Each structure stands twice: as C-alpha cells, then as structure tokens.
Amino acid sequence: MEKKSIEQLESVASQVRRDILRMVHAVQSGHPGASLGCTEFFVALYFDQLNHDSNFKMEGKGEDLFFLSNGHISPVWYSVLSRSGYFSPEEMNTFRKLNSRVQGHPATEEGLPGIRIASGSLGQGMSVAIGAAQAKKIDGDGSTVYVLMGDGEQEEGQVWEAAMYAAHWKVDNLIATIDLNRQQIDGPTAEIMNLIDLRAKYESFGWEVVDTLLGNDMKSVVEGLEKAKNLTREGKPVLNLLHTEMGYGVDFMVGTHKWHGIAPSDEQLADALGQLPETIGDF
C-alpha cells in the first residue's frame, strides 16, 4: 500500500472514528473507548508501517503480521482492515449481528480477511505473536511481527511468561505495543491493579523499550513505530509503550473508563459525529 502523509493519515483516522461509533451505536453493543484511543496506532500501522497485502493469505509469508490481543477493541481493527482493502466497508453494517463475519471479538471461523487468531481472552496475544515470530526466523523470513495489548491486560500472568520467554530466546523480530491509557473496565488501573512502572518491568525482563508519549498524535505515533522497528534484530524483543487517552476524539468520552463498553445514544452519536469530519465516506 502506498504510504500517506501525516495529514492524509489524520484524515483516515477521522473516518475510522466515525466507523467505530456508528458500528457500536447500530447494535448498542461494543467497546468504543479504547477503540477510539488506539485509532492513530492502527491507522499508522496499516497505512504507513506494516508490510502487508490485502489479498489475504493466512500464512502471511513475506509479510509483516499483526495480532490483536485485547480483541474487544475490534471496531477500530475492522474499520482499518476494511478501509485498507481487506473487505468492503459496507460489511461493517453487520457488526455483532448473527451470522456476521464481523464478530464482537475477532474470530477465524467466519473467514474474515485479516484475522489470523480468535482473540479477546486476554493475555494470549503475546504468546501467539512470539510463535509467529519464531516461525518466521525458522523460515528465513525477514518480516516483523506486531502485537497490541491493553494495559489492564498486563494483570494476566501469561503475559509475563511470554515476556520472559521472548527475551530468553532473543525473539528480536517482535514489536509488542501496550495501549497505556491507564483505564480498564472497572476504573483506573492505578486503583484496580497498579501497573507501577511498565518500562522498568520490561527492561528488567530483557526487552528494549520505546515510549511513545503522545499516542494520539499521528506524527509521534509514526515516529514511535519507526524507532521500535529500528531497534529490532539486535538480540532483544521490543516494547512500544503507547500513551493514549481512552475515548480520544470525542469530548464527552475522553479520559474515562465509563466508555469502555457502553454504546452512545442517538443524541450522543450525533454529537460525536459532529466532532469528526466524514473524510472517506460513511459505510
């Protein structure tokens, strides 16, 4: 895919946020908060950084691979996949409906292009990404494997087993990103299970760590991903700490856990869409 300018990426991001809100509103179900907060990351990844082919092949040979561990933020992923050519944007109209390929959590049974694992059972994505990265090494495939996790997801013990394994076996074609919005379903992470210092934890496990401090600024997100990519293949896995705001882009949703899994009303949708220009065209 041809790379886009920062302004073009920002234009795509506005449309993606509209897609997220309209999908969740239509069925009054889904997870808009972190989807909105991660929009810059997904747009930067798929439209600027990832070497991928929308003519989807499950094995992904010769391509960079992406795995979503916190699968509840499927709306942002579905939007970016459709907008980058994996399937028609009109299929987003079937989000969370019976017999839809666009399930509430990504799944492989329905055969939606772009999806390689079922996800949403938190803690598992890093392990899958490590396996894929090691397979690429065995195959002599010089591509990179990416995985996104939530910060609340760091409460899962499997994450830390995987982190230890990746460093020990020098899985240095792996870039893991943590959406560090400091919110989870029941409240701020500092109150539910304090994360303390994730940089220090991952560094002590043997990882290289990049801080993307402005996780909702497109230029900073692109630069953070580029910095992470430049640290690969040096004997250590790489972690990208992406500092975001849950609900970013909609003034009444930003910065609170309350929109983790709540759909907007008709009036709230109209208000939110009024803050986000339609740039590519609504589905």
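Use the structure listed above.
The structure reproduced in this document is the subject of the present report. (Residues numbered from 1 in each chain as written. Predicted model: local features only at pLDDT ≥ 70, side-chain atom pairs only at ≥ 80, totals over all residues. Heavy atoms only, no water.)

### Re the overall build of the protein
For the protein, the count of helices and strands is 10 helices and 7 strands. Against the globule reference of 19 Å for 283 residues, the protein gives a C-alpha radius of gyration of 18 Å, in line with a compact fold. Projecting the C-alpha coordinates of the protein onto the three principal axes gives extents of approximately 50 × 45 × 35 Å. Sorting the 283 residues of the protein into buried and exposed places 56% on the buried side. A separation threshold of at least 6 residues defines the contact pool for the protein, and within that pool the share at least 24 residues apart is 77%. Looking at the protein as shown, the accessible area adds up to about 11,600 Å², and 49% of this sits on carbon and sulfur atoms. Each charge class in the protein can be summarised by its mean position, and for the 24 positive and 40 negative side chains these summaries are 4 Å apart. (Helix = DSSP H or I, 4+ residues; strand = E, 2+ residues; numbered from the N terminus. Rg over C-alpha atoms; globule rule 2.2 N^0.38 Å. Buried < 20%, exposed > 50% of the residue type's maximum accessible area, 1.4 Å probe, protein only. Contact = heavy atoms within 4.5 Å. Areas by Shrake-Rupley, 256 points an atom, 1.4 Å probe, with all protein chains shown as cover. Lys, Arg positive; Asp, Glu negative; His and termini not counted. Charge placed at Lys NZ, Arg CZ, Asp CG, Glu CD.)

### Quick notes on helix 3 (residues 39-49)
Within helix 3, 11 of the 11 residues are buried, leaving the element largely enclosed by the surrounding structure. Within helix 3, the full set of buried residues consists of Thr39, Glu40, Phe41, Phe42, Val43, Ala44, Leu45, Tyr46, Phe47, Asp48 and Gln49.

### A closer look at helix 1 (residues 6-27)
Over its 22 residues, helix 1 runs 32 Å from end to end, which matches the ideal 32 Å to within 8%, given 1.5 Å per residue. In the segment just after helix 1, glutamine 28 is the residue with positive phi, at about 50°. (Expected span 1.5 Å × (residues − 1).)

### Remarks on the nonpolar core
The biggest cluster of nonpolar side chains holds 55 residues, and the ones touching the most others in it are Leu21, Phe42, Val43, Tyr46 and Phe66. For this core, the element with the most residues is helix 1, which contributes 8 residues. Apart from residues lying up to four places away in sequence, leucine 21 is in contact with Leu36, Val250, Met253, Pro264, Leu269, Ala272, Leu273 and Leu276. In terms of nonpolar packing, the next biggest core, distinct from the first, is built from 29 residues, Ile130, Leu174, Ala176 and Val209 among them. (Core = buried A, V, L, I, M, F, W, Y, C linked by side-chain atoms within 4.5 Å.)

### Considerations on the side chain of histidine 52
Position of histidine 52 among the secondary structure elements: in the loop between helix 3 and strand 1 (65-68). You can call histidine 52 buried: its relative accessible area is 11%. In this structure histidine 52 touches Tyr46, Glu63, Ser84 and Tyr86, once residues within four positions along its chain are discounted.

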